[in-house]
Amino acid sequence: MKTPRQHTDTTPLIEITSLTKSFGTNAVLRGFSLRLLPGENLVILGRSGSGKSVLIKCLIRLIEPDGGDIRIMGQAVTQLDRASLDRLRTEVGFLFQGSALYDSMTVRENLRFPLRRHPERAQGVAEDSLIQTALESVGLAHAIDLLPAELSGGMKRRVALARTLILKPRIILYDEPTTGLDPITANEIIQLMLKLQQELGTASLIITHDMDCARVIANRVIILHDGINYAEGTYSDLARSRDPHVRAFFKDTNSPYHD
Ligand SMILES: Nc1ncnc2c1ncn2[C@@H]1O[C@H](COP(=O)(O)OP(=O)(O)OP(=O)(O)O)[C@@H](O)[C@H]1O
């Protein structure tokens, strides 16, 4: 069983300060802050509707925040022009819910897609070799010529992860990486995320309801509640908390798929 690796560099890759976002009268984020450190797995736990997806969308400006400051690798995200934002986004890989692969394309073609959009990330390495390496890192080299319809749910998620890794991002954003998978397959994905953290040194921001995922993968956990970073610490720090809003997450953790 792998455990999350600790790094010693403390210059944040992502720094969010006092982020606010409302939709009409619905104040979703009310001054949320976080720092993601190099090589760290940071888990954000929040109840359904607490604003986790809004937070991740603000981070990469799929949604415009109302206020606060967001820095990714030192760059103020809200002040970047389109071209600079696109460049910065190649440093940030996303594994979103559903892991949408193109159904009409083989695994190889799905992985070729980001390389064609960002040829500069190949750094002179042949496309086929990058595709092969990315698939090997998720244990799916043999699936290169299959279509998504021929893959299981867990395999699809691995391919989506390989497609993210192929651009060699420094940061990966995972939105509910284990949702919809059976416990054994979910655990395989969690172990793969840990392996990638250890081998590639990538930092990850992981949004999840899955307490088992949080327990295994997190160097640190932030609880998003009332639009702020309500509580923060290691999984075991928070598991000992007496605060009722924190306890609510831990009350049924004997079941690995507590929601
Ligand atoms: N584009 C939008 N327009 C209006 N309201 C929105 C929009 N996007 C999100 N919201 C609202 O923001 C709140 C937070 O939504 P969000 O999707 O971030 O929750 P979440 O924590 O990711 O929930 P879940 O765990 O169920 O996915 C909800 O009240 C939602 O209705």
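Residues numbered from 1 in each chain as written. Predicted model: local features only at pLDDT ≥ 70, side-chain atom pairs only at ≥ 80, totals over all residues. Heavy atoms only, no water.

## Some thoughts on the pairing of strand 8 (residues 203–208)
- Here strand 8 lies mainly inside the structure; six of its six residues are buried.
- Burial along strand 8 is two-sided: the residues Ala 203, Leu 205 and Ile 207 and Ser 204, Ile 206 and Thr 208 are all buried.
- Relative to strand 8, strand 3 (residues 41–46) is paired through five bridges, and the arrangement is parallel. Bridging across to strand 8, Leu 45 finds its partner in Thr 208.
- Where strand 7 (residues 171–175) meets strand 8, five bridges bridge the pair, whose relative direction is parallel. From the neighbouring strand, Tyr 174 faces strand 8, where its bridge partner is Ile 206.
- As a crossover connection, the stretch from strand 7 through helix 6 (residues 183–200) into strand 8 is right-handed. (Buried < 20%, exposed > 50% of the residue type's maximum accessible area, 1.4 Å probe, protein only. Helix = DSSP H or I, 4+ residues; strand = E, 2+ residues; numbered from the N terminus. Pairing = 2+ DSSP bridges. Right-handed = clockwise from strand over helix to strand, strands pointing away.)

## So, the site of the ligand
- As a structural note, the neighbourhood of the ligand is formed by Phe 23, Asn 26, Val 28, Arg 47, Ser 48, Gly 49, Ser 50, Gly 51, Lys 52, Ser 53, Val 54 and His 209.
- Here an oxygen atom of the ligand and a backbone polar atom of Gly 51 are 3.0 Å apart.
- One of the side-chain nitrogen or oxygen atoms of Ser 53 is found 2.8 Å away from an oxygen atom of the ligand.
- About the coverage of the ligand: the protein hides 59% of its 640 Å² of free accessible area.
- For the shell around the ligand, the secondary-structure elements that each account for two or more residues are strand 2 (26–36) and helix 1 (52–59).
- Element by element, the count of residues in the shell around the ligand is highest for helix 1, at three residues. (Near = heavy atom within 4 Å. Polar contact = N/O pair within 3.5 Å; in protein donor to acceptor, adjacent residues only side chain to side chain. Areas by Shrake-Rupley, 256 points an atom, 1.4 Å probe, with all protein chains shown as cover.)

## A word on the sheet that holds strand 9 (residues 220–225)
- Reading across from one edge, 6-7-8-3-9-10 is the order of the six strands in this open sheet, with mixed pairing throughout. The sheet terminates laterally at strand 6 (92–95) and strand 10 (228–233), the two strands that pair on one side only. Taking each pair of neighbouring strands and ignoring which way they run, the sheet shows an average axis angle of 20°.
- Strands strand 6 and strand 7 of the sheet are contacted by helix 5 (residues 153–165), whose axis makes an angle of about 170° with strand 6. (Axes fitted to C-alpha atoms, helices over the stretch in contact; angles between N-to-C directions. Contact = heavy atoms within 4.5 Å.)

## With respect to helix 6
- Over its 18 residues, helix 6 extends 25 Å from the first C-alpha to the last, a length consistent with the 26 Å expected when each residue adds 1.5 Å.
- Of all the residues in helix 6, the buried ones are Thr 185, Ala 186, Ile 189, Ile 190, Gln 191, Leu 192, Met 193, Leu 194, Leu 196 and Gln 197.
- Lining the buried residues of helix 6 we find strand 3, helix 4 (127–137), helix 5, strand 7, strand 8 and helix 7 (211–217).
- At the N-terminal end of helix 6, a side-chain oxygen is found 3.0 Å from the backbone nitrogen of Ile 184, two or three residues along, and the residue is Asp 182.
- Just downstream of helix 6 lies Gly 201, where phi reads positive at about 70°. (Expected span 1.5 Å × (residues − 1).)

## A closer look at the environment of Val 138
- Relative to the helices and strands, Val 138 is located in the loop between helix 4 and helix 5.
- Val 138 gets classed as buried once you look at its relative accessible area, which sits at 1%.
- The spacing of Val 138 and Met 193 is 55 residues in sequence and 9.3 Å in space, taken between C-alpha atoms.
- Leave out the neighbours within four places in its chain, and Val 138 touches Arg 158, Leu 161, Ala 162, Leu 165 and Leu 192.

## Remarks on the packing of aromatic side chains
- Scanning all chains against the criterion turns up two aromatic pairs.
- Ring plane angle 50° and centroid distance 4.9 Å describe the contact between Tyr 102 and Phe 113, whose orientation is recorded as tilted. Remark: Phe 113 occurs in helix 3 (residues 107–117) and Tyr 102 occurs in the loop between strand 6 and helix 3; sequence separation between them is eleven residues.
- With 5.1 Å between their ring centres and 65° between their planes, Tyr 235 and Phe 250 make a pair best called edge-to-face. One end of the pair, Tyr 235, is in helix 8 (residues 235–239); the other, Phe 250, is in helix 9 (residues 244–250), and 15 residues separate them in sequence.
- Using a relative accessible area of 13% as the deciding quantity, one classes Tyr 235 as buried. (Phe/Tyr/Trp six-rings, centres within 6.5 Å; stacked < 30°, edge-to-face > 60°.)

These values are about where atoms sit, not about what they do.
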